[in-house]
Each structure stands twice: as structure tokens, then as C-alpha cells.
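Secondary and tertiary structure notes
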Amino acid sequence: MIALVQRVSSASVRVDGETVGAVERGVLVLLGVVRGDTRAEGEWLADKVARLRIFPDAEGKMNRSLQDVGGGALVVSQFTLAGDARKGTRPSYVRAAPPEVAEPLYEAFAAALAERIPGPVATGVFGAAMEVALVNDGPVTLWLERAPAGEG
């Protein structure tokens, strides 16, 4: 499972011109589910996102987490994170989990994150064409990846 985590002042996602999810201070999580992922990878990743110390303390050092600051999260599915563009110019998405596997794991990740943080957790619409807007605060952007069990 792959998460691109961005600390945000605000983030929102629109589908067909309608805002379907939004948060203020917190994180935007672009989530890619790969073949072989299970709920275990999602639980690990949700815990990691909730506890990441990426928010400033009183001295301005990144020492506080979503749990500490009461921040929220916007979780948006993005299978293209599993893309491989090492050869040629057209990425391969064979590493991405099929939608019937990825969607319940995406939903489970969002639910697991909601159990771990005090702020709201909003989502996009799985499989939809979405417009994501954000104000990246910092900027702070982190790539997190948890390989499925059995993969190094």
C-alpha cells in the first residue's frame, strides 16, 4: 500500500462539479492499493499517518502529529501511485490491485484512520474522475509504503 501524504491548510475533492470531501488543517492522503495488500497494510499505514510528527510545536519544530493537533484527513484513491514508468513513456499499472480488491481496502484504510485521529476523515469517490485542490502547508510531503506480507 502506498500513501503520498501532504500536510495541508485545506484540501478538497470535487466530482462532477460537486465537493464530496474537504478538510481544513490536517493531511491529504493519496492512497494506492497494490496487488497482495490486505487490511494489515492499511492498519499499519493508518497508524503511521496518525502518528507522523509533521506539525510544528511551539518552537516551530515538526514534533506534533494529527493526534496531537486534532487535524483531519482527506483520503483520495489513486491507483496511479502503483504505476511503473521505468521503461518507455507509458506507465504500467500491473502492480495496482484490481478495483474489486482495492475499493474495500481503501474504505478500510479511511475507517482505520478515523479511529486514530480526533479530526474528521473525508474521502473522494473511488474510481471517479476527481479534481483535488489543496494548500500544501510547508510544503511537507512524504511517501509512505508498506509492502504486502511476503514482499521485501
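Look up: the structure comes first, before these words.
Residues numbered from 1 in each chain as written. Predicted model: local features only at pLDDT ≥ 70, side-chain atom pairs only at ≥ 80, totals over all residues. Heavy atoms only, no water.

1. Regarding the side chain of Asp57
Going by this rule: Helix and strand labels come from DSSP, where a helix needs a run of H or I of at least four residues and a strand needs a run of E of at least two; each type is numbered from the N terminus. Here the term buried applies to any residue with accessible area under 20% of the maximum for its type, exposed to any over 50%, and partly exposed to those in between, with areas from a 1.4 Å probe on protein chains only. When charges are counted, Lys and Arg are positive and Asp and Glu negative, with His and the chain ends excluded. One side-chain nitrogen of Lys or Arg within 4 Å of one carboxyl oxygen of Asp or Glu is enough to make a salt bridge. Any pair of nitrogen or oxygen atoms within 3.5 Å is treated as a polar contact; in protein, a donor-acceptor pairing is required on top of that, and neighbouring residues in sequence qualify only through side-chain atoms on both sides. Residues count as neighbours in contact if any of their non-hydrogen atoms are within 4.5 Å of one another.
The residue Asp57 is located in the loop between strand E4 (55–56) and strand E5 (62–64) in this model. It is Lys61 that comes nearest to the buried, bridge-free Asp57 among opposite-charge side chains, at 6.8 Å. Among the polar contacts listed, one links the side chain of Asp57 to the backbone nitrogen of Glu59, at a separation of 2.8 Å. Residues contacting Asp57, with those up to four places away along its chain left out, are Asn63 and Arg64.

2. Observations regarding the packing of aromatic side chains
We apply this condition: Only Phe, Tyr and Trp rings take part, Trp by its six-membered ring, and two of them pair if their centres are within 6.5 Å. Stacked means planes under 30 degrees apart, edge-to-face means over 60, and tilted covers everything else.
The tally for this structure, following the rule as stated, stands at two aromatic pairs. Where Phe79 meets Tyr93, the ring centres are 5.1 Å apart and the plane angle is 70°; that geometry is what we call edge-to-face. Taken together, the positions of Phe79 in the loop between strand E6 (72–77) and helix H3 (99–116) and Tyr93 in the loop between E6 and H3 put the pair 14 residues apart, joining distant regions of the chain. On the accessibility criterion, Tyr93 (34% relative accessible area) is partly exposed. Aromatic pair Tyr106 and Phe126: ring centres 5.8 Å apart, planes at 45°, arrangement tilted. A residue pair is termed long-range when its members are at least 10 positions apart, and Tyr106 in helix H3 and Phe126 in the loop between strand E7 (121–123) and strand E8 (131–145) qualify at 20 residues. Its relative accessible area of 4% is what places Tyr106 among the buried residues.

3. Some details on the nonpolar core
Inclusion rule: Here, nonpolar core refers to any group of buried Ala, Val, Leu, Ile, Met, Phe, Trp, Tyr and Cys residues whose side-chain atoms link them within 4.5 Å.
Core analysis: the biggest nonpolar cluster contains 28 residues, and Val5, Val27, Val29, Leu31, Val49, Phe109 and Leu113 have the highest contact counts within it. For this core, the elements supplying multiple residues, two or more each, are strand E1 (2–15), strand E3 (26–32), helix H1 (39–51), helix H2 (66–69), E6, H3 and E8. Among residues more than four places away in sequence, those in contact with Phe109 are Val29, Leu31, Gly42, Leu45, Ala46, Val49 and Val75. In terms of nonpolar packing, the next biggest core, distinct from the first, is built from 15 residues, Ile2, Leu4, Val13 and Val23 among them.

4. Topic: the layout of surface pockets
Stated formally: The pocket and cavity definitions rest on a 1 Å grid over protein atoms only: a 1.4 Å probe that fits but cannot leave marks a cavity, an open set with protein on both sides within 12 Å along at least five of seven lines marks a pocket, and residues lining either have an atom within 4 Å of a point. Grid points are joined across faces, edges and corners, and a volume is the space filled by probe spheres set on the points. Charged residues are taken to be Asp, Glu, Lys and Arg, nonpolar residues to be Ala, Val, Leu, Ile, Met, Phe, Trp, Tyr, Cys and Pro, and polar residues to be all remaining types, Gly included.
In this structure, the largest pocket spans a volume of roughly 340 Å³. In terms of lining residues, the largest pocket is bounded by 19 residues, among which Ser77, Gln78, Phe79, Gly127 and Met130 are the most central. Taken together, the elements giving at least two residues each to the lining of the largest pocket come down to E3, E6 and H3. Split by residue class, the lining of the largest pocket holds 15 nonpolar, four polar and no charged.

5. Notes on empty space enclosed by the protein
Per the stated rule, a full pass over the model turns up one cavity of 30 Å³ or more. Roughly 40 Å³ of internal volume is contained in the largest cavity. Every residue along the wall of the largest cavity is listed here: Met1, Thr38, Arg39, Gly42, Glu43, Leu105, Ala108, Phe109 and Ala112. The set of elements that each furnish at least two residues to the lining of the largest cavity consists of H1 and H3.

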